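Now for the letters of each chain:
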There are 4 protein chains.
Amino acid sequence: MKTGFTHLFIPGPTNIPEPVRQAMNVPMQDMRAPDFGDLTLGLFKDLKRVFRTDTGTVFLFPGSGTGAWEAAITNTLNPGDKVLMSRFGQFSALWVEMAERLGLDVEVIDVAWGAGCPVKEYARRLGADKKGEIKAVFVTHNETATGVTSDVEGVRKALDSCFHEALLFVDGVSSIASIDFRMDEWGVDLAVTGSQKGLMLPAGLGVLAVSQKAMAASKTATMRRAYFEFSDMEKLNATGYFPYTPPTQLFHGLRRSLDRIFAEGLDNVIARHHRLAEGVRRGVRAWGLNLVAEHPAFYSDTVSAIRTPADVDAREVIRIGYERYNISFGTGLAQLSGKVFRIGHLGDLNEGMCLTALSLAELSLAAAGAKVEFGSGVAAAQKWYAETAPACRIHIAAE
Amino acid sequence: MKTGFTHLFIPGPTNIPEPVRQAMNVPMQDMRAPDFGDLTLGLFKDLKRVFRTDTGTVFLFPGSGTGAWEAAITNTLNPGDKVLMSRFGQFSALWVEMAERLGLDVEVIDVAWGAGCPVKEYARRLGADKKGEIKAVFVTHNETATGVTSDVEGVRKALDSCFHEALLFVDGVSSIASIDFRMDEWGVDLAVTGSQKGLMLPAGLGVLAVSQKAMAASKTATMRRAYFEFSDMEKLNATGYFPYTPPTQLFHGLRRSLDRIFAEGLDNVIARHHRLAEGVRRGVRAWGLNLVAEHPAFYSDTVSAIRTPADVDAREVIRIGYERYNISFGTGLAQLSGKVFRIGHLGDLNEGMCLTALSLAELSLAAAGAKVEFGSGVAAAQKWYAETAPACRIHIAAE
Amino acid sequence: MKTGFTHLFIPGPTNIPEPVRQAMNVPMQDMRAPDFGDLTLGLFKDLKRVFRTDTGTVFLFPGSGTGAWEAAITNTLNPGDKVLMSRFGQFSALWVEMAERLGLDVEVIDVAWGAGCPVKEYARRLGADKKGEIKAVFVTHNETATGVTSDVEGVRKALDSCFHEALLFVDGVSSIASIDFRMDEWGVDLAVTGSQKGLMLPAGLGVLAVSQKAMAASKTATMRRAYFEFSDMEKLNATGYFPYTPPTQLFHGLRRSLDRIFAEGLDNVIARHHRLAEGVRRGVRAWGLNLVAEHPAFYSDTVSAIRTPADVDAREVIRIGYERYNISFGTGLAQLSGKVFRIGHLGDLNEGMCLTALSLAELSLAAAGAKVEFGSGVAAAQKWYAETAPACRIHIAAE
Amino acid sequence: MKTGFTHLFIPGPTNIPEPVRQAMNVPMQDMRAPDFGDLTLGLFKDLKRVFRTDTGTVFLFPGSGTGAWEAAITNTLNPGDKVLMSRFGQFSALWVEMAERLGLDVEVIDVAWGAGCPVKEYARRLGADKKGEIKAVFVTHNETATGVTSDVEGVRKALDSCFHEALLFVDGVSSIASIDFRMDEWGVDLAVTGSQKGLMLPAGLGVLAVSQKAMAASKTATMRRAYFEFSDMEKLNATGYFPYTPPTQLFHGLRRSLDRIFAEGLDNVIARHHRLAEGVRRGVRAWGLNLVAEHPAFYSDTVSAIRTPADVDAREVIRIGYERYNISFGTGLAQLSGKVFRIGHLGDLNEGMCLTALSLAELSLAAAGAKVEFGSGVAAAQKWYAETAPACRIHIAAE
């Protein structure tokens, strides 16, 4: 029988802060009540701050990030539209697959898993697209499968430098609210996230921010859609309502999690993610293991994908961690299966939790046959955390 | 400031039983953990019992009932397919609208709001469709806007009597798990419900049961789809997993709510809904008011739509109830706005709750100007409940 | 199997408001943490407002109101001290019994159950006690067994008019935070309550307010005590700590319930209790039944003890209510067993809940053989609630 | 702002398992309902299994372990009775103080803090007490302040070897349900625990098991008592009820925590505590620090009291841990203040949690000026956990 906490270190769903859990434990309510908008209008407003957009529109679709991907595509593009995408991990690959299924003409650039969005190649192809045939450019900001963060701003510059008018789609599912993301500044047109990552909620909401340009495109886009139709949402959201029954308990949780994000400060949230992630990476280095991310410029502050030694099956590491030590690591997906395990380090987290992940990873790696010195990764992370510790986190009046 | 319970009498979301609320208050977990299927496979199995199907396949889409409507259509039909639908309330109207948006050729039969599915007219048209151009027939089993239950079995007979092969789609959002529904016996091909009605959960899951015939159709159906794709779900669901992150907390709640349904007995659940609903209807009759449902054969056991007197604005009844008496009634939708308020009586309910609804409706009606004798509706319902009370509900050992 | 809410109408524990339930659902914490006092010091401060005392000291004993009774006695009196008490219900009787067990010389005045504290007789005896042998006078402010509220202020006047120095003990378990109580103004020395009544929490805390005079008495009182020792509490409470582990989850709930009380306004809370109680009493009168309380001056605004007709066993009413209609009424205690059932109407309550109690009482009475006209009590209460309804309870901006 | 879990490593309250938290999140209920005993009678029965007694009686007093101490004394002893006690930590000292306050003639043996109950000296004094003047012998089974476990069985043998009839009182607050304890086998007469330790609940219940001999003594014991009176409890507990309102939510939690204890197996629970504690101790040794416990025979499996280096203020370690790393360690009490910090390792715990405690202790110690090698304690514990890991904790069917 398992005892104690289940240590959750997958890259989403993330650990839910206690106050957020409290806030979701509500009875049901009438989503057509006259004061319902008091709750929801504030959510839309504050989510815009999370996306760092003043002019965009935020939608909350009951569903998942995958649903928000579909909403983004079907509302703004037309069947057969040419789009530019790159594939360097399981989630960017799935997005390509979705685009193809939905009838887009996808120009895919395959990149090694471990690299990020090929900004220069994007620039080249956009520059070559003199007729403006490319209607949209897709970037997976943080590839959750490989722990790689891409340069969205660079893609914006590539677009701008050739005056290209393609829409810029960004999958920010595992970056937004955790890694620096600037919708307006970077000219992102469609930014997708989900509730179960940096927003520290259960799965259940696909969250999508849409630029004015993309909203305009949605008025004429001819792709078939119904459930994910922007205009239905837009009309009812204006006063805080929804075209179908939304998961109100998640809204209460979202209210509380947004309050937490702004109480900490969004910049501080992002800085904390970086500091905690760096501790994990130093731990990995101390083990003598490699990240999938090829270069520090790609290192993700929300998830580290760690290559096991060649003779160690990563699935075994994960299995032992789960069965024996009550910890959930992320698995290696698709071509990384058996070669990689992942430590998610995003959301509501602190030093102690990251050290737990490292200490149990050491136990699991060792049990799976890896030559890892006990305590080595923990020590490297501790050193970093000690060096970078804020003098005092909470203020307590002198006794 | 409001004090005391908020009395929730909308036809969904419904009141969540305490044990179900408890069960949902869980930390997040890894939806790829090796034992995750222990939870989910049982849900699929037991949901089949709720749909009363042995051979069907059940899907749980993160989303809403509306999403499940879309899943049903896009997976089994082709663009331009002719379908037969009827419109007699807001929800059947919305379904028609969705079908049109998704590119179907919808043959709509408009019926007075207050009547149900025009079974004879369906039979006539199906009989006339010698070439089998009608690919699907849609029935809204329980029209939530009007409190009308339709004869699904009759439609099956209409299909069978002319050997018509159209798929039979049923919207059972506000009937399944509350009103008698028999998927296999009635030959339903696609049956839709949501989590927030008879399943007594928050909104967040679109639940869909699919017959073998419809599953076969999905293999060749050419309508564009991605998020709602059956085959992705089917493949992963087989071992208890999902193609994208599902709302695991709802699964824990669903486990508990299914346990409750079977502990009570599905037939008993249905009988209880009828008995409680009949009490409400007798109350309405005692007030001298009319239901929207035109005929007792149409009376819904999950929601009563009540016409206010001509000089009383139903919105005022609802507003007073909400502001002054902390009760949520359902509003009159579309053409019924201002003329109708609704009492939802489904899910986790008992006599006392129905009497609360009636007593507060009396207060709200009176305050809005209706001539309703205080206590009259309550008394009529009490009489019925007393006459039909089970001798003893719980067994308590002799002291 | 029971379905729907369990309707709770005992006079404590009372229904817990949802936000209070949320607040209590916390992980454990260190009750010696440096910031723990941030929580507890505010509780002591705000509880003083509830007791309406500026100069008193409030103690929170893990335990029950009975424990707080004992704390009050053992800290301020000496073995063999003469005290004046009156007995007119089960709880005043139990307090007498405790005083005797603890070694006091109790002068008991027995009064008919249904009357309250015999103020004039108290005045007579105090006036006759020229030597000041009576060290304390006890008053049960609200006798929960009979639904009788006594005149505490009158007892203070009786003491003052003969310049008697006895301590004034008040059992306010079922009155404080629900019925007007004024510690300082009435010169109460020891006021007892529990968490599970007007404070809308689970049982688990005995709450005691102590005047400066009683605190002074505690410095020399020689009765044996340890767990309930004031001085241990006093010393540690000063900085927000406790001499033994307190139930921190209740403190979080208390914080939220105090916030609610002050958001509504203590005077408004008291007025609401009166209004809701009066509705219940009018319902009882409409049934043709009598309260135990002999005179309107004694009517309790927190609980009504209702005599069943001579040929109807009140236990049967309660049993039927519980088994068949999922409602808990209070039972008749001691000599009232079988003759009385009680409706608790205190704490987090509204009109709808009181009407539920009345409608289910009608059903239960009828099933037990009482001749009660269905809807009659409900109608009487509805009339009163309608007449006294605030124009609008919540503010909703014009649509 | 603090983020992430608060790591709780005080020796109680302990971490509450999620299912136990779920179970406590209930609405209030009637503690006089006819089926209430269904819940409580099972608790009494199963608590006897935890105490390992067949013939004893278990009481659940709303209060704390301190209250249960008082109940044990006041129900079975007489004023002026001579009792034998020993003092070797803050909690044994407080028990002595209580006994004196309650009027016992306490013969105290002072022992160095770090040693345990002086069994031989007990034997000597009992042997010398030819007249049987010693009415009771007290043993603190696990001294929470020093992390010392004493030999209760040895004291029983001391009593038996001289045929002494004194009652044997045991404070098992931080041992019962975590460290081997055998009431019947060891002839314990009064065994005290609280809800917030091995029972994994919030504080709020003093739990007391009473032998038949002690029950017999309670019939004639003359010490004043009321709230803690056995006979009131005994009478009502017989059918599952209580003399005053009990904290029903804790009962639901207790039901679930007992279920967990027996699902794991009480012997397994005890073995787990030993294994996890040994890991912590090996970590401490690796740091080069000493436990307060003088000898391995005294090592407590529920709490380790750790001496900081002479030049490091332990309060600083604790403060830094709390403020900077969101961890609560136990403080050094009384004479150990500033010299000792404690790691509680009892209740719902696993390897990862113990490693978290060690890794954050290393960071806190270092920040407070101690020369502790990062990762050293963690590594020592990991080695132990790896060597002693069960092959597979949970059964997962082969994929």
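Residues numbered from 1 in each chain as written. Chains lettered and ligands numbered in written order. Predicted model: local features only at pLDDT ≥ 70, side-chain atom pairs only at ≥ 80, totals over all residues.

(A) Expanded view of the domain arrangement of chain A. Residues and elements named next belong to chain A. In terms of domain boundaries, chain A breaks down into domain 1 (7–13 + 265–387) and domain 2 (19–263). For domain 1 versus domain 2, the distance between C-alpha centres works out to 27 Å. With 28 residues of domain 1 at the contact, the number on the domain 2 side is 27 residues. Contributions of two or more residues to the side of domain 1 that touches domain 2 are made by helix H11 (266–287) and strand E12 (303–307). Taken together, the residues of the side of domain 1 that touches domain 2 break down into 16 nonpolar, eight polar and four charged. (Domains from an automatic or database assignment. Contact = placed C-beta atoms within 7 Å. Helix = DSSP H or I, 4+ residues; strand = E, 2+ residues; numbered from the N terminus. Nonpolar A, V, L, I, M, F, W, Y, C, P; charged D, E, K, R; others polar.)

(B) View of the relation of the copies chain D and chain C. Rotating chain D by 180° about the axis while translating it 0.0 Å along that axis superimposes it on chain C, leaving an RMSD of 0.0 Å. Here the transformation between the copies is reduced to the relation of a two-fold axis. Nearest to the rotation axis, the C-alpha of Gly63 of chain D is located 2.1 Å from it, this being the minimum over chain D. Of the residues that chain D buries at the interface, 100% are likewise interface residues in chain C, meaning the two copies contact each other through the same surface. (Least-squares fit on C-alpha atoms with pLDDT ≥ 70 in both.)

(C) Structural context of the relation of the copies chain A and chain B. Turning chain A through 180° and shifting it by 0.0 Å along the axis lays it on chain B, with an RMSD of 0.0 Å. Here 100% of the interface residues in chain A have copies in chain B that are interface residues too; the copies meet face to matching face.

(D) How the structure looks around the sheet that holds strand E11 (residues 290–291) of chain A. Residue and element names in this part refer to chain A. Taken in spatial order, the five strands line up as E1-E13-E14-E12-E11 in an open sheet, and their pairing is mixed. Edge positions in the open sheet fall to strand E1 (7–9) and E11, since each of these has one partner strand only. Contacting strand E13 (327–331) and strand E14 (340–344), helix H12 (residues 314–325) crosses the sheet at an angle of about 160° to E13. Strands E1, E13 and E14 of the sheet are contacted by helix H13 (residues 351–367), whose axis makes an angle of about 95° with E1. (Pairing = 2+ DSSP bridges. Axes fitted to C-alpha atoms, helices over the stretch in contact; angles between N-to-C directions.)

(E) Local environment of helix H6 (residues 152–161) of chain A. Residue and element names in this part refer to chain A. Listed in full, the buried residues belonging to H6 are Val152, Val155, Arg156, Ala158 and Leu159. The arc that holds the buried residues of H6, viewed along the axis, is 160°, so those residues lie on one side. Turned more than 90 degrees off the buried face of H6, the exposed positions are Asp160 and Ser161. At its buried positions, H6 is contacted by helix H5 (119–128), strand E5 (134–140), strand E8 (167–171) and helix H7 (183–186). Of the residues one or two after H6, Phe163 is the one with positive phi, at around 55°. (Buried ≥ 20, exposed ≤ 12 C-beta atoms within 10 Å, placed from the backbone. Arc of directions from axis to C-beta.)

(F) Looking closely at the interface of chain D and chain C. The interface of chain D with chain C comprises 45 residues on the first partner and 45 residues on the second. Where the side of chain D that touches chain C is concerned, the elements lending two or more residues are helix H3 (65–76), helix H4 (90–101), helix H9 (248–264), helix H11 (314–325) and strand E13 (327–331) of chain D. The dominant element in the side of chain D that touches chain C, judged by the number of residues it contributes, is H3 of chain D, at three residues. Split into classes, the residues belonging to the side of chain D that touches chain C amount to 19 nonpolar, 19 polar and seven charged.

(G) Local environment of the pairing of strand E13 (residues 327–331) of chain C. Residues and elements named next belong to chain C. A large share of E13 lies buried, amounting to five of its five residues. Note that strand E1 (residues 7–9) and E13 share three bridges and pair parallel. Within E13, the position partnered with His7 by the bridge is Ile327. Alignment of E13 against strand E14 (residues 340–344), held across two bridges, turns out to be antiparallel. Looking at the pairing, Thr331 lines up with Phe341 of E14.

(H) Fine view of the UniProt feature "modified residue: N6-(pyridoxal phosphate)lysine" (unreviewed entry) in chain A. Residue and element names in this part refer to chain A. In this structure's numbering, the residues bearing the UniProt feature "modified residue: N6-(pyridoxal phosphate)lysine" (unreviewed entry) are Lys197. Examined against the element boundaries, Lys197 turns out to sit in the loop between strand E9 (190–194) and strand E10 (205–210). Filtering out sequence-adjacent residues up to four positions away, Lys197 remains in contact with Gly12, Thr14, Val173, Ser174, Ser178, Leu346 and Gly347. (UniProt positions renumbered as here; feature names shortened; annotations may be inferred.)

(I) Local environment of the nonpolar core. Membership of the largest hydrophobic core comes to 559 residues, with the highest contact counts inside it found for Val137 of chain A, Val137 of chain B, Val137 of chain C together with Val137 of chain D. In this structure Val137 of chain D touches Leu84, Tyr122, Val155, Leu159, Ala166, Leu168 and Phe169 of chain D, once residues within four positions along its chain are discounted. (Core = buried A, V, L, I, M, F, W, Y, C linked by C-beta atoms within 7 Å.)

(J) Here's a closer look at the interface of chain A and chain B. Of the residues lining the interface, 45 residues belong to chain A; the matching set on chain B comes to 45 residues. Among the secondary structure elements, those contributing two or more residues to the side of chain A that touches chain B are helix H3 (65–76), helix H4 (90–101), helix H10 (248–264), H12 and E13 of chain A. Examining the composition of the side of chain A that touches chain B, we find that three residues originate from one element, H3 of chain A, more than from any other. Split by residue class, the side of chain A that touches chain B holds 19 nonpolar, 19 polar and seven charged.

(K) Highlighting the UniProt feature "domain: Aminotransferase class V" (unreviewed entry) in chain A. Here the UniProt feature "domain: Aminotransferase class V" (unreviewed entry) sits at residues 59–288 of chain A. For residues 59–288 of chain A, helix accounts for 44% and strand for 19%, while the C-alpha atoms at its two ends are 44 Å apart.

(L) Examining the sheet that holds strand E10 (residues 205–210) of chain C more closely. All names here are of chain C. Reading across from one edge, E2-E10-E9-E8-E5-E3-E4 is the order of the seven strands in this open sheet, with mixed pairing throughout. At either end of the open sheet lies a strand with only one pairing partner, and these are strand E2 (57–62) and strand E4 (105–110). Averaged over all adjacent pairs, the angle separating strand axes in this sheet is 20°, with direction ignored. With three bridges joining them, strand E3 (residues 82–87) and strand E5 (residues 134–140) adopt parallel strand pairing.

(M) Main features of the packing of helix H13 (residues 351–367) of chain C against helix H14 (residues 376–387) of chain C. Residues and elements named next belong to chain C. Look at H13 against H14: their axes get within 9 Å of each other, and the N-to-C directions meet at 160°. On the basis of the axis angle, H13 is roughly antiparallel to H14. H13 and H14 meet at a crossing whose hand is right-handed. Taking contact as the criterion, the partners of Glu351, Cys354, Leu355, Leu358, Ser359, Ala361 and Glu362 in H13 are, on H14, Gly377, Val378, Ala381, Gln382 and Tyr385. Tallied by class, the residues present in the contact of H13 with H14 amount to seven nonpolar, three polar and two charged. (Parallel < 35°, antiparallel > 145°, perpendicular 65-115°, else oblique. Left-handed = near helix turned anticlockwise from the far one by under 90°.)

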